[in-house]
Amino acid sequence: DTEVTQTPKHLVMGMTNKKSLKCEQHMGHRAMYWYKQKAKKPPELMFVYSYEKLSINESVPSRFSPECPNSSLLNLHLHALQPEDSALYLCASSDRGLQETQYFGPGTRLLVL
Amino acid sequence: ELKVEQNPLFLSMQEGKNYTIYCNYSTTSDRLYWYRQDPGKSLESLFVLLSNGAVKQEGRLMASLDTKARLSTLHITAAVHDLSATYFCAVTNQAGTALIFGKGTTLSVSS
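Keep in mind the model is a prediction, meaning the values are calculated, not measured.

Rules and cut-offs
Residues numbered from 1 in each chain as written. Chains lettered and ligands numbered in written order. Predicted model: local features only at pLDDT ≥ 70, side-chain atom pairs only at ≥ 80, totals over all residues. Heavy atoms only, no water. Helix = DSSP H or I, 4+ residues; strand = E, 2+ residues; numbered from the N terminus. Rg over C-alpha atoms; globule rule 2.2 N^0.38 Å. Buried < 20%, exposed > 50% of the residue type's maximum accessible area, 1.4 Å probe, protein only. Contact = heavy atoms within 4.5 Å. Lys, Arg positive; Asp, Glu negative; His and termini not counted. Charge placed at Lys NZ, Arg CZ, Asp CG, Glu CD. Core = buried A, V, L, I, M, F, W, Y, C linked by side-chain atoms within 4.5 Å. Buried area = accessible area lost by both parts, 1.4 Å probe. Polar contact = N/O pair within 3.5 Å; in protein donor to acceptor, adjacent residues only side chain to side chain. Nonpolar A, V, L, I, M, F, W, Y, C, P; charged D, E, K, R; others polar. Phe/Tyr/Trp six-rings, centres within 6.5 Å; stacked < 30°, edge-to-face > 60°. Pairing = 2+ DSSP bridges.

Q: So what about the overall build of chain B? Which residues, and what values?
A: A tally of regular secondary structure across chain B gives 0 helices and 11 strands. For chain B, the α and β elements follow one another from N to C terminus as β-β-β-β-β-β-β-β-β-β-β. Taking 13 Å as the expected radius of gyration for a compact globule of 111 residues, we find that chain B reaches 13 Å, a close match to that expectation. With respect to the principal axes defined by its C-alpha atoms, chain B has extents near 45 × 30 × 20 Å. Put simply, chain B has 111 residues, and 45% of those count as buried. Look at the contacts in chain B between residues 6 or more apart in sequence, and 53% of them connect residues 24 or more apart. Charge-centre separation for chain B: the mean point of 10 positive side chains lies 3 Å from the mean point of 9 negative side chains.

Below, the structure is given as structure tokens:
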């Protein structure tokens with residue numbers, strides 16, 4: 001099973017809302033990632049969790065808060081977002097870290113009004 | 001700072017013809033990845049290239065790596081419509097703390 005699942009597929013939220021994105025993998029991978037992708041741009045790495053610990057935070061604003069409850073799950077909590085945060089949010093996982101092939105989930109398309 | 005450049009950014013291909021996409025990177029790296037992304041979809045891993053001279057092939061796509069020139073190529077043989085997508089190359093830095101994507105090459109195949 002090489003599947004990474006993400007929910008929801010689509011999300012519309014206001015700037016005062018709080019919402020969460022969820023990601024799950026059952027490949028036994030120990031590294032999980034959040035990426036942000038704007039239209040017609042490459043993915044940009046936001047966070048890396050390695051062995052359930054946050055190992056890389058690419059200077060992401062605090063209105064994005066990641067959480068890794070266990071080795072299979074990764075959440076991204078959203079609060080007080082701005083319209084420019086509208087994008088496709090991709091979750092990925094790999095065996096141990098950035099040096100291995102990453103498997104991407106289908107993404108959550110987020111629209112902030 | 002690791003930078004990754006792809007060219008061309010757009011490629012209009014005719015069915016049955018051969019084409020090449022280029023991916024240059026600025027600093028030494030252990031490995032290079034090629035991903036495919038269909039419109040509105042996620043990224044699909046195509047190839048990972050680990051060493052100088054590595055060549056991998058899958059169907060009509062062949063990827064190669066020249067670490068001395070810091071260059072990877074993705075060669076398309078006899079393009080077909082199914083290959084229309086955006087192709088990204090991505091490179092990890094030696095410390096393993098960053099994965100940098102190129103801007104992507106959008107391929108469009110017409111008959």
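Q: Which residues make up the nonpolar core, and what values go with them?
A: With 26 residues, the main nonpolar core has B:M13, B:L32, B:W34, B:L74, B:I76 and B:Y87 as its most contacted residues. Mapped onto this core, the elements with two or more residues apiece are β2 (10–14), β3 (19–25), β4 (32–37), β5 (43–49), β7 (61–66), β8 (71–76), β9 (85–92) and β11 (105–110) of chain B. Ignoring anything within four residues of it in the chain, the contact list for B:L32 reads B:C23, B:Y25, B:F47, B:V48, B:L49, B:L65, B:S72, B:C89, B:A90 and B:V91. Among the nonpolar cores identified, the runner-up in size contains 23 residues, and A:V4, A:M27, A:W34 and A:F47 belong to it.

Q: Got a sec to walk through the interface of chain A and chain B? Specific residues and values, please.
A: Each partner contributes to the interface: chain A provides 18 residues, whereas chain B provides 22 residues. Buried area between chain A and chain B, summed over both chains or domains, comes out near 1500 Å², and the portion from carbon and sulfur atoms is 54%. Where chain A touches chain B, the interface holds 7 residue pairs in polar contact (both at pLDDT 80 or more). For the side of chain A that touches chain B, the secondary structure elements donating two or more residues are β4 (31–37) and β9 (87–94) of chain A. Looking at the side of chain A that touches chain B residue by residue, the classes come out as 9 nonpolar, 5 polar and 4 charged.

Q: Before we move on, can you summarise the packing of aromatic side chains with the specific residues and values?
A: One pass over the full model with this rule turns up 8 aromatic pairs over all chains. For the ring pair A:Y35 and A:F104, a centre distance of 5.3 Å and an interplane angle of 45° mean the geometry is tilted. Of this pair, A:Y35 sits in strand β4 while A:F104 sits in strand β10 (residues 103–104), and the two are 69 residues apart along the sequence. We note that A:Y35, like A:F104, is buried. Centroid distance A:Y35 to B:F101: 6.0 Å. Interplanar angle 90°. Geometry classified as edge-to-face.

Q: Provide a residue-level description of the environment of B:Q6, including the pertinent values.
A: Residue and element names in this part refer to chain B. Its place among the elements puts Q6 in strand β1 (residues 4–7). The spacing of Q6 and T105 is 99 residues in sequence and 6.8 Å in space, taken between C-alpha atoms. Each residue touching Q6, except ones within four places of it in the same chain, is listed here: I21, Y22, C23, W34, Y87, F88, C89, G102, K103, G104 and T105. Among the polar contacts made by the side chain of Q6, one reaches the main-chain amide nitrogen of G104 at a distance of 3.1 Å.

Q: Describe the side chain of A:K36, with residues and values.
A: Here A:K36 lies in strand β4. Residues contacting A:K36, with those up to four places away along its chain left out, are A:P42, A:P43, A:E44, A:M46, A:E84, A:D85, A:A87, A:L88 and A:Y89.

Q: Could you give an account of the pairing of strand β1 (residues 4–7) of chain A, naming the residues involved and the relevant values?
A: Residues and elements named next belong to chain A. Of the two faces of β1, only one is covered, namely that formed by V4 and Q6; the face formed by T5 and T7 stays uncovered. In this structure, β1 lies alongside strand β3 (residues 18–25), joined through 4 bridges in antiparallel fashion. Looking at β3, one finds that V4 is bridged to Q25.

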